[in-house]
Amino acid sequence: MKSFFTNKQLTIIICVVFVTLAVMTMVIDGDETSESQTAQTEQKSEQKDSIEKDSVVINKPLETDPYEELDNLIGLDEVKKEVRTLANFVKLQKQRQDKGLKSPKLSYHLVFTGSPGTGKTTVARIVARIYKDLGILKKGHTVETDRSGLVGQYVGQTAPKTNQIVDSAMNGVLFIDEAYALVPEHSTQDYGQEAISTLLKRMEDNRDSLVVIIAGYPNEMKRFIDSNPGLQSRFTRYINFPDYTPDELVRIFYMYMKKNEYTLSKDGDALLREKLEYIVAHKDRNFGNARYVRNVFEKAIQQQANRLAKQTGLSKGQLTELTKEDLEYAFSERRNIKP
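Heads up: these notes are all about the structure in this document.

Reading the values: rules and limits
Residues numbered from 1 in each chain as written. Predicted model: local features only at pLDDT ≥ 70, side-chain atom pairs only at ≥ 80, totals over all residues. Heavy atoms only, no water. Helix = DSSP H or I, 4+ residues; strand = E, 2+ residues; numbered from the N terminus. Buried < 20%, exposed > 50% of the residue type's maximum accessible area, 1.4 Å probe, protein only. Pairing = 2+ DSSP bridges. Axes fitted to C-alpha atoms, helices over the stretch in contact; angles between N-to-C directions. Contact = heavy atoms within 4.5 Å. Parallel < 35°, antiparallel > 145°, perpendicular 65-115°, else oblique. Left-handed = near helix turned anticlockwise from the far one by under 90°. Nonpolar A, V, L, I, M, F, W, Y, C, P; charged D, E, K, R; others polar. Phe/Tyr/Trp six-rings, centres within 6.5 Å; stacked < 30°, edge-to-face > 60°. Lys NZ or Arg CZ within 6 Å of the ring centre and 35° of its normal. Expected span 1.5 Å × (residues − 1). Core = buried A, V, L, I, M, F, W, Y, C linked by side-chain atoms within 4.5 Å.

**Some details on unusual backbone geometry**
Here is step 1: Of note, Glu178 is a non-glycine position whose phi angle comes to about 50 degrees, a positive value.
Here is step 2: Tracing the backbone through its elements, the reader meets Glu178 in the loop between strand 4 (172-177) and helix 7 (192-205).
Here is step 3: Given a relative accessible area of 40%, Glu178 falls into the partly exposed group.
Here is step 4: Although it is not a glycine, Asn289 sits at a positive phi angle of roughly 50 degrees.
Here is step 5: Checked against the element boundaries, Asn289 lands in the loop between helix 11 (266-281) and helix 12 (290-308).

In structure tokens:
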């Protein structure tokens, strides 16, 4: 049978077919690669979003005197004494080292025990700056988190997540609130154990550049520490934060007013003291202490705004004064105030 194409033409056709197939393969591979890269980008974006949504707060150290700030805190006399004692002890041991004298091995990690709103986070920030002043830490910042910032939802997420938080706290203080939540009381299998193991390893590997402060209710924190020998050996110094007295809570309320340029009427002051006396006498373990008072203050200034909204030509006194009516509303709304 006679061929329609010459040998030269057949050769050209075959070459064209091969080139076409090669180009199509590259396009398909390119599409698959593009889809793979897009999927990886989306996955990284999802991971980033999950990290940003976690309960993690980074506080840069203030330039003010941490010792003065400690002394100016309302109440907390025993806490102040403990922190001062710790600072003095560290300072003296450093002087002994400089003179070539033996010094016991120090653990700078701390356990803060107490109810919500008793100043644990505030004091942790002050301690970080004191440690910087003493030369223990280079930066003196605090990274504040809880279980959600350390523990992942799936296998393989927890260790990288915990390491990332620790990395951000290097040369500063890692403050873990409600740390006992890492070991649920009635759970034998939980990712929190992986977070603890990762944290303990980093505390050992970075013992000269990382301080960890853990906080929570006294009984729960004791159970947490007792759950792991590594925790027991690293956390040996405890500071207890007592609940505020009614008088201290009144002073805290006045502190918020002073900072925000408000005053309180005489009958408003009487109501404030009466209400706080009653609330402290009937509080439960979830009472928010200073946090509760702050929320009452915020409710009171909102009510003042509602009360004055329709008036014109307001004087400075009217704009600054909170009344008995404002406080009555604020305390009546306490059911809607998180403790």
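**A word on the sheet that holds strand 2 (residues 110-114)**
Here is step 1: Spatially, 1-3-4-5-2-6 is the arrangement adopted by the six strands of the open sheet, whose pairing is mixed. A single partner strand is all that each edge strand has here, and the edge strands are strand 1 (56-59) and strand 6 (238-241). Strand-to-strand twist across the sheet, computed as the mean angle between neighbouring axes with direction ignored, equals 20 degrees.
Here is step 2: Where strand 3 (residues 142-145) lies against strand 4, four bridges are found, and the strand directions are parallel. Bridge pairing links Val143 to Leu174 in strand 4.
Here is step 3: Running at roughly 160 degrees to strand 2, helix 4 (residues 120-133) makes contact with strand 1, strand 2, strand 3, strand 4, strand 5 (210-216) and strand 6 of the sheet.
Here is step 4: Packed onto the sheet, helix 6 (residues 158-169) meets strand 1, strand 3, strand 4 and strand 5 and runs at close to 135 degrees relative to strand 4.

**Quick look at the packing of helix 3 (residues 77-98) against helix 4**
Here is step 1: For the pair helix 3 and helix 4, interaxial distance at closest approach is 11 Å and the crossing angle is 20 degrees. Classified by the angle between their axes, helix 3 and helix 4 sit roughly parallel to one another. In terms of crossing hand, the pair formed by helix 3 and helix 4 is right-handed. Across the interface between the two elements, Val79, Val83, Leu86 and Ala87 from helix 3 touch Val123, Val127, Ile130 and Tyr131 from helix 4.
Here is step 2: Classifying every residue of the contact of helix 3 with helix 4 by side-chain character gives eight nonpolar, no polar and no charged.

**Things to note about the environment of Ala169**
Here is step 1: Position of Ala169 relative to the elements: it lies in helix 6.
Here is step 2: Judged by its relative accessible area of 0%, Ala169 is buried.
Here is step 3: Sequence-wise, Ala169 and Lys139 are 30 residues apart; in three dimensions their C-alpha atoms are separated by 9.3 Å.

**Overview of the packing of aromatic side chains**
Here is step 1: All told, the structure shown has seven aromatic pairs when counted by the stated rule.
Here is step 2: A centroid spacing of 5.7 Å and a plane angle of 65 degrees characterise the contact between Tyr108 and Tyr131, whose relative ring orientation is edge-to-face. Remark: Tyr131 occurs in helix 4 and Tyr108 occurs in the loop between helix 3 and strand 2; sequence separation between them is 23 residues. Here Tyr108 matches Tyr131 in class, with each residue buried.
Here is step 3: Taken together, the aromatic side chains of Phe253, Tyr256, Tyr262 and Phe297 make up a single cluster linked through ring pairs.
Here is step 4: The positively charged end of Arg285 is found above the aromatic ring belonging to Tyr217, 4.0 Å away from the centroid.

**Some thoughts on helix 4**
Here is step 1: Its 14 residues give helix 4 an end-to-end C-alpha distance of 20 Å, which sits within 8% of 20 Å, the value for a rise of 1.5 Å per residue.
Here is step 2: Buried within helix 4 we find Lys120, Val123, Ala124, Ile126, Val127, Ala128, Arg129, Ile130 and Tyr131.
Here is step 3: Two residues or fewer after helix 4 comes Gly135, characterised by a positive phi angle close to 85 degrees.

**Quick look at the nonpolar core**
Here is step 1: In this structure, Phe112, Val123, Tyr131, Ile213, Phe253 and Leu327 are the most contacted members of the largest nonpolar core, which totals 54 residues.
Here is step 2: With seven residues, the single largest contributor to this core is helix 4.
Here is step 3: Setting aside residues up to four positions removed in sequence, Phe253 forms contacts with Leu264, Leu272, Val293, Val296, Phe297, Leu322 and Leu327.
Here is step 4: Core analysis: the second largest hydrophobic core is formed by 28 residues, Leu174, Leu199, Leu200 and Tyr217 among them.

**Re the environment of Leu70**
Here is step 1: Relative to the helices and strands, Leu70 is located in helix 2 (residues 66-72).
Here is step 2: Residue Leu70 is classed as buried on the basis of its relative accessible area, which comes to 0%.
Here is step 3: Each C-alpha atom, one on Leu70 and one on Val123, is 7.4 Å from the other, the two residues being 53 residues apart in sequence.
Here is step 4: What Leu70 contacts, discounting residues up to four positions off in sequence, is Lys80, Val83, Arg84 and Ile126.

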